[in-house]
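Fold and geometry: a report
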Amino acid sequence: MTQTEESELRDTIEQYRNARLTRRDFVQRAAVLGISASVAASILAACGGGGGGGGTTTGEEGQPVQGGVLRMGYDRAFQKLDNVVGPWADEPFTAIYEVPIIRDPGGKFVSSVAEAWEFSSDGLTLSMKIREGLKFHSGAPLTAANVAEDFNIFRTTGVTANFWAPVKNVEEGENNSVVLTLSKTNYGLIETISTLFQSIHNEASRKAAGEGWGATTVDATGPFTLKTFKPASEVVVERWPDYPGSGVPFVTNKGPAYLDSIRWVPILEPANRANEIETGSVDIVKSPAAQDISRLQSNDDLVVLELQELSNYFITIDRTRGALGQPGVAQAMSHAIDRQALVDTVFFGHAVPTYGPIFPAYRWYDPGVEAYNEYDPDKARDLLKSAGLSELRFTLLTQNQPIQVQVLEAVGGMLREVGITMEVKAVEDAAFFPDMFAGKPDAFMFKWLWESPTDNMRFFGRVPSWDYNGNPPKSMAGIDAWESAATEEQLEKACRQVQLAWAEELPFIPLVTQSLVWVHHKRVHNFRPTQTSIYPLFNDVWIEA
Amino acid sequence: MIRFVLSRGIRAALIFVVASVAVCYGLRVAPGSLADIVTNPLNRAFAVKDLEERLGLDEPVIVQYFVFVRNIMGGDFGVSFISNRSVTEIIATGGLNTLKLGGAAAILTYFISVPLGIMAAARRNSVIDQGSMLIAVLGMAIPNFFLAILLVRLFAVELRWLPAAGQGGIKHLILPAVVLAAEAIAINLRLVRASVLEQLSRDYIRTLRAKGASERRVVWIHAFRNALPPVITFGGVMLRTLLGYTLVVEVIFRYPGLGFELVDSVLKRDYAVAQALALVFIAGVVLFNFLADLGHHLAEPRIRERGAAG
């Protein structure tokens, strides 16, 4: 997409948001700009309000009301809200933390804690100008020195330290800026810097808090402060009255948040999520059971928002292990899988098939991947025959979660049709991760969830090792191109290269991307998850008394 | 009596020691550790080792066990690695909630099953008897998680009489307590009925009736009193079963009790919390068994006499 087209798309989104365009107009204009209907629908869902949305608008009418407690039903038990070494970034992250830069609903990077950033002409220096007048929840001022300190923590001991490898130095620059010096060009660093594990915090407070960081203490810059953290029962955040205001362009409320507080409760049983939103014990619920979604959509009191999750289910097989490593075996398995049937039966239509490693709503998704891996059981049998295999048997390890087991039961049935016997061993997470990373199972299934999908390929290509995943030359070359891209154009080109190579070589076999479904009561306004972020921002959200 | 209490006390202490070893060892030998759960897959290689060293998880299990025992002896149950809350605080808040839920379920069990069981026995083959047995069969046959879904759909979603989940007033206790009590009501109902029926066929009942005692007195005083020992013995089993089922019911109803906390802490390998809560549950079971033995001892004159003679 050219810059002009991108600008037109942004205008179109803005007009739709301001109810100056109908849905039909929006889809027609998007088509002219080369946007598929499914992506346009995702953008519409992300925008929420706008022209004539019927049952799926967020209802932006009326003046925001200050106050109230927003009750959120979450689909996981909480982990520590630790932005440096936490195991998982849960939903309250976007209420209490802010990232340096963020993706807007169209996928373009825009300001947040940093107001501007620029690579030097040789691509070896990245300068970020930090907004003036910011401070932490504790009242301590936030300067470029704090951000530089955080970046140094992230690149040495943080969750994404591997992705920071090309950065050899970070220091405070002039005029409240941070200067990152790179050992080689790495434009993709911007992708890493926008993820939740790069949220800015007060390192002095983190050191003082010790193991309490993310549980009893968070000293960051988001519009809410942490009040209660009880991982099995609730997480509560309160409005920060001294919030200096959001630097994110698509957040319209530039002052403190409207809500008094937000209370998250974990609803671990999928069937209960619909019950709780229908009975009003929560105002918003995430990920209701797929079979309940159509019922919720027909409820006039509720708004259902459906996006593509920034994730993908995939199967990896150990190519170092006998028959599994034969050329064509992964392709045979892939052709044996009817992904659309998985979408229709397991996810009740609330998912999309994936023939490449990245979900289709991603801005650089390459539809060329769809030519690979189509459902063709005859081709699968031929490939197995060419590999000299009359039958194939292996055991696959997975996390013991109902949806994953259901997917694998269906996949197992499909593989059996072509002579492949897959035994599924479902174990709890604590048992799954050590075995997966040690490369113990014949095969495993996993779902990645991350805002920068190509970085997932970088990471999961090496899990447990490139050897395990067959050392795919084209995919590895694509990853190298991604890791050394000097411009956004080169980054996009590398992303497409990785996708096509991945679809052909199948270091892992992509299956489906499930929908990210949010349901909220109509009394909740301005709740706007976007297609480009894992969780929504909360500063604009308000609730009717 | 003192001898009885002492012998049961020593037995309970032994059970408790063995259980503490089993809990500590079981959690440590289960696949995966706390470090596997609380580290991000993206930086796992570095973080797991670091965390295991910091938390002493790289020490032999026997060393970890004695550290655990030493801390408990000093009144220190430790701190949750996930929430950084003291385990004592978790036990205090969650324990109170579980006690409320378990208490409500126990009350419900006895208030329904005892009178209904007696009436069913007294009017054998009547509509009351048939109806009671139908309740008993359903209570035993329907899995509690399925019953929970049915009751939530009916009373929370359709009728809007009761909340679907969470914690609050008495209204929030009703559905979880009913689900928790369902199987216990069913079993207890059958037990009371059978036990009273057995008493009603005894000679002394015939004698009482011949002497002109009212039927109400015969059934509700004499037969019921003598039918009590098996009901009391079963009480211990029932209470510990209720305690076990809270693990399921609290998760389904998002009720913040010890069961919910225990499941979460075991899945996350939050050792300090999981060990302490498991021991609390074990202590509960040991206590209920002891109370059942004691109740049986007091209610059964022959046992009491044997004890006195011995």
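Residues numbered from 1 in each chain as written. Chains lettered and ligands numbered in written order. Predicted model: local features only at pLDDT ≥ 70, side-chain atom pairs only at ≥ 80, totals over all residues. Heavy atoms only, no water.

Residue and element names in this part refer to chain B. Contact geometry for helix α1 (residues 2–29) and helix α4 (residues 61–73): axes closest at 10 Å, N-to-C directions at 130°. With respect to each other, α1 and α4 are oriented oblique. Taken as a pair, α1 and α4 cross one another with a handedness that is right-handed. Of α4, the residues touching α1 (which contributes V17, S20, V21, C24, Y25 and R28) are V61, Q64, Y65 and F68. For the contact of α1 with α4, the residue count by class is seven nonpolar, two polar and one charged. (Axes fitted to C-alpha atoms, helices over the stretch in contact; angles between N-to-C directions. Helix = DSSP H or I, 4+ residues; strand = E, 2+ residues; numbered from the N terminus. Parallel < 35°, antiparallel > 145°, perpendicular 65-115°, else oblique. Left-handed = near helix turned anticlockwise from the far one by under 90°. Contact = heavy atoms within 4.5 Å. Nonpolar A, V, L, I, M, F, W, Y, C, P; charged D, E, K, R; others polar.)

The subject of this paragraph is the interface of chain B and chain A. Where the parts come together, the accessible area they lose is often given as the size of the interface. At the interface, 36 residues of chain B touch 43 residues of chain A. Counting the surface lost from both chain B and chain A, the interface buries some 3,500 Å², and carbon and sulfur atoms represent 58% of this. A per-residue breakdown of the area chain B buries against chain A is headed by P41(B), L42(B) and R254(B), which together make up 20% of the total. Between R254(B) and E276(A) there is a salt bridge, and its shortest N-O distance comes to 2.5 Å. The tally of links between chain B and chain A comes to 10 residue pairs in polar contact (both at pLDDT 80 or more). Those elements giving two or more residues to the side of chain B that touches chain A turn out to be α2 (34–38), α3 (44–55), α7 (144–158) and α11 (258–267) of chain B. In terms of residue count, α11(B) provides more of the side of chain B that touches chain A than any other element does, five residues in total. Residues of the side of chain B that touches chain A, tallied by class, amount to 18 nonpolar, seven polar and 11 charged. (Buried area = accessible area lost by both parts, 1.4 Å probe. Salt bridge = Lys/Arg side-chain N within 4 Å of Asp/Glu carboxyl O. Polar contact = N/O pair within 3.5 Å; in protein donor to acceptor, adjacent residues only side chain to side chain.)

The next subject is the pairing of strand β13 (residues 311–317) of chain A. All names here are of chain A. Most of β13 sits inside the fold, with seven of its seven residues counted as buried. Neither face of β13 is open: one carries S311, Y313, I315 and I317, the other N312, F314 and T316, and all of them are buried. As judged from the seven bridges shared by β13 and strand β17 (residues 443–449), these two strands associate in the antiparallel manner. Residue pairing across strands places F314 opposite F446, the latter belonging to β17. As defined by bridge partners, β13 adjoins strand β18 (residues 509–510) across two bridges and the pair is classed as antiparallel. From the neighbouring strand, I315 faces β18, where its bridge partner is I509. (Buried < 20%, exposed > 50% of the residue type's maximum accessible area, 1.4 Å probe, protein only. Pairing = 2+ DSSP bridges.)

Let us now look at a nonpolar patch on the surface. On the surface, a nonpolar cluster with roughly 360 Å² of combined accessible area is contributed by V17(B), V21(B), Y25(B) and V29(B). Overall, V17(B) belongs to the partly exposed group, its relative accessible area being 47%. (Patch = residues over 30% accessible without salt bridge, like charges linked within 9 Å, V, L, I, M, F, W, Y side chains within 5 Å. Areas by Shrake-Rupley, 256 points an atom, 1.4 Å probe, with all protein chains shown as cover.)

Residues and elements named next belong to chain A. Taken together, the five strands give an open sheet; going across it, the order is β16-β15-β17-β13-β18, and neighbouring strands pair in mixed fashion. Either end of the sheet is taken by a strand with one partner, and the two such strands are β16 (420–427) and β18. Together, β13, β15 (392–399), β16 and β18 form the strand contacts of helix α10 (residues 329–336), whose direction differs from that of β13 by roughly 135°.

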